[in-house]
Amino acid sequence: MPRTYDDYIKDITDDIEKCLEDMKCQPILFVGSGLSKRYFKAPSWEELLIEMANKCPLIEKEFAYYKQNAKKDVNGNGFVDIGTTFAEYYKEWAWGEGRSEFPDELFSEEKSPDIYFKYKVAEHLELLLKKGFIDQSEQHDYNEEIELIAKIKPHAIITTNYDQLLEQMFSEYEPIVGQKILRGNFTNYGEIFKIHGCISNPDGMILTQDDYDEFIKKKKYLSAKLLIFFAEHPLLFIGYSAEDPNIKLILSDIDEIISMQGETIPNIYILEWDPDIDVSKYPVSDKIISIGNSKSIRIKCIVTSSFKWVFEAFSSNDEIQNIDVKILRSLLARNYELVRSDIPRSELKVNYETLEHVVNGKEGLATLYGISILDNPEHLNAFYPYTLTQISEKLGFLNIEGNGIWQKSYPLIEKIINEKGVDIRESDNIFHINIRTGTVSNTHKYSDSTVSLLEKVRDGEDYSEEIGQIQ
């Protein structure tokens, strides 16, 4: 009996679940412009350039003229050259009749001459996203699909998109943009790596030939970091075609490290949209992609007219569904700094009874990380022993009777709010806990970490690292 599309869905689902089980880690999502086009009708590269041509009065000829005269790149489309040309027109427009269209701060000698083009691209994408994407709304055609992709809880997301769709879909994840990617800690969890820049910082968006030339220079460092991900995690490409140059660029790097000599790479999938699937047939489950220099690479292919079942398959790890991404990211970051910086720089006092307990039971692991079960009053009082009055006593803010003056400590907390936008009293965290003491009353308690933090604030020292633990 011929195999059907129902058989295909079952086989692919089983394969995904086996891959997740074998690798024992969360997948990496590599997201392209197709997802933005799907969820808020974002333009393709060519459509974006056409729109930018219409917005600048100095670009007088039809788009076909610029496309015809553009220097073709390795992908044969010349869009980078067109972007470079348009950036020059936008600069001339900005410094002439179009000056009122741009913020005053862009007219600085320190700004790159292509900033005016990038600013308008960013502005256009931001408006499209606000207009076209309705977060968690029943009116959105893809609402259920968006909920399902969030349930994947990917280890990280990598994208070449400029827009901020992913920040809306994965609100707990931290965007890492531009040069910060090269300096970042790739053992962290819950981050969005925006390798071509972001509309939040138009200066860093990769749009012109100079941008791409600079990107290629630094690509080997980026690739070295990304390959750690690709070798150790399931990887799902979403929103790209198999012929997309970004796909080929990444797969070329992967082939150098984990070449399978013609065999299918077991942990890399590409999602391909086909609205006209024949349910009586069994689509292809792998794809050979040419990566240049007479070389090709074989990866797994998922052909579908609905993303729902694919996202469900990648979110099959039930154990991680209830994990708070921000807390997990903080724990991993602290663990990384402990191993990388704290231990080599200073003497580490080790309680071997605690370490033995860690080996023999899960509860000790929480103690090692400074986590305790707070429904035990002894634990709670041990970690949060101070009222704000007692904090003032620790800081030396005393009245003539020698008692703490809580009003002296509160301005330090307000200073953190004004400088960092973080209120340590707003949530339960390493500095503070809010304890209900009646039907309507509460008591705020503080930890030794609060004393150390406020000492730095009081003395004018940098406290960014401390406050970063709850951001």
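Above this text you will find the structure in question.
Colleague: Residue-level account of the layout of surface pockets, with values.
Modeller: Reported here for the second largest pocket is a volume of approximately 1500 Å³. Considering the residues around the second largest pocket, the lining is formed by 46 residues, among which W45, Y240, D244, P245 and N246 are closest to the centre. Counting only elements with at least two residues in the lining of the second largest pocket, the list comes to α2 (33-40), α3 (45-55), α5 (79-94), α10 (209-232), α11 (245-258), β6 (264-273) and β7 (286-292). Of the residues forming the lining of the second largest pocket, the biggest block, 6 residues, is contributed by α2. A breakdown of the residues in the lining of the second largest pocket according to their chemical character gives 22 nonpolar, 15 polar and 9 charged.

Colleague: Hey, could you go over the sheet that holds strand β5 (residues 235-238) for me, with residue numbers and the actual values?
Modeller: Strands sit in the order β3-β4-β2-β1-β5-β6-β8-β7 across an open sheet of 8 strands; the sheet is mixed. Both outer strands of the open sheet, β3 (174-177) and β7, are each paired with one neighbouring strand and no more. Direction aside, the axes of adjacent strands within the sheet are offset by 25° on average. In this fold helix α1 (residues 5-23) packs onto β6 and β8 (295-304), with an angle of close to 120° to the strand it touches most, β8.

Colleague: I'd like a description of unusual backbone geometry, backed by residues and values.
Modeller: Note: most residues except glycine have negative phi, and most peptide bonds are trans. In this model, K24 sits at a positive phi of 55°, which is unusual for a non-glycine residue. Relative to the assigned elements, K24 resides in the loop between α1 and β1 (28-31).

Colleague: Residue-level account of the packing of helix α17 (residues 388-395) against helix α18 (residues 406-420), with values.
Modeller: The axes of two packed helices give the description: the angle between them and the distance between them. It is at 8 Å that the axes of α17 and α18 come closest, and there the two elements cross at 90°. As the angle between them shows, α17 and α18 are arranged roughly perpendicular. Two secondary-structure elements touch here, α17 through L388, T389, I391, S392 and L395 and α18 through W406, S409, Y410, L412 and I413. Residues belonging to the contact of α17 with α18 are distributed by class as follows: 7 nonpolar, 3 polar and no charged.

Colleague: An account of the pattern of salt bridges is requested, with residue identities and associated values reported.
Modeller: Evaluated as defined, the whole model comprises 24 salt bridges. When the shortest N-O distance is used, the salt bridge between E272 and K287 registers 3.1 Å. Of the two residues, E272 is situated in strand β6 and K287 in strand β7; the sequence distance between them amounts to 15 residues. When its relative accessible area of 17% is taken as the criterion, E272 is described as buried. Here E466 makes a salt bridge to K456, at a shortest N to O gap of 2.5 Å.

Colleague: Pulling in residues and values, what's your account of empty space enclosed by the protein?
Modeller: Empty space among the atoms becomes visible once a probe the size of a water molecule is rolled across them. Here the structure, examined in full by the defined rule, presents 1 cavity of 30 Å³ or more. Put simply, the largest cavity is a space of about 80 Å³. As for the largest cavity, its lining consists of 13 residues, and the residues nearest its centre are I195, F215, L222, L249 and I250. The biggest single contributor to the lining of the largest cavity is α10, with 5 residues. Considering only residue class, the lining of the largest cavity consists of 7 nonpolar, 4 polar and 2 charged.

Colleague: Requested: an account of the side chain of D114, with residues and values cited.
Modeller: Note that D114 resides in the loop between α5 and α6 (115-132). Assessed through its relative accessible area of 12%, D114 is described here as buried. If sequence neighbours within four positions are ignored, D114 has contacts with A87, T208 and D211.

Colleague: Go over the nonpolar core with me, naming the residues and quoting the values.
Modeller: Residues F230, F237, I254 and I302 are the most contacted members of the largest nonpolar core, which totals 101 residues. Looking at which element gives the most residues to this core, the answer is α5, with 8 residues. Once residues within four sequence positions are removed from consideration, I302 is found in contact with Y8, I12, I16, L236, Y269, I270, L271, E272, W309, V310 and F314. Core analysis: the next-biggest nonpolar cluster, separate from the first, contains 18 residues, L412, I413, V451 and L454 among them.

Rules and cut-offs
- Residues numbered from 1 in each chain as written.
- Predicted model: local features only at pLDDT ≥ 70, side-chain atom pairs only at ≥ 80, totals over all residues.
- Heavy atoms only, no water.
- 1 Å grid on protein atoms, 1.4 Å probe; cavity = no way out; pocket = protein on both sides within 12 Å on 5 of 7 lines; lining within 4 Å.
- Points joined across faces, edges and corners; volume = space filled by probe spheres on them.
- Helix = DSSP H or I, 4+ residues; strand = E, 2+ residues; numbered from the N terminus.
- Nonpolar A, V, L, I, M, F, W, Y, C, P; charged D, E, K, R; others polar.
- Pairing = 2+ DSSP bridges.
- Axes fitted to C-alpha atoms, helices over the stretch in contact; angles between N-to-C directions.
- Contact = heavy atoms within 4.5 Å.
- Parallel < 35°, antiparallel > 145°, perpendicular 65-115°, else oblique.
- Salt bridge = Lys/Arg side-chain N within 4 Å of Asp/Glu carboxyl O.
- Buried < 20%, exposed > 50% of the residue type's maximum accessible area, 1.4 Å probe, protein only.
- Core = buried A, V, L, I, M, F, W, Y, C linked by side-chain atoms within 4.5 Å.

None of this, on its own, says anything about what the molecule does.
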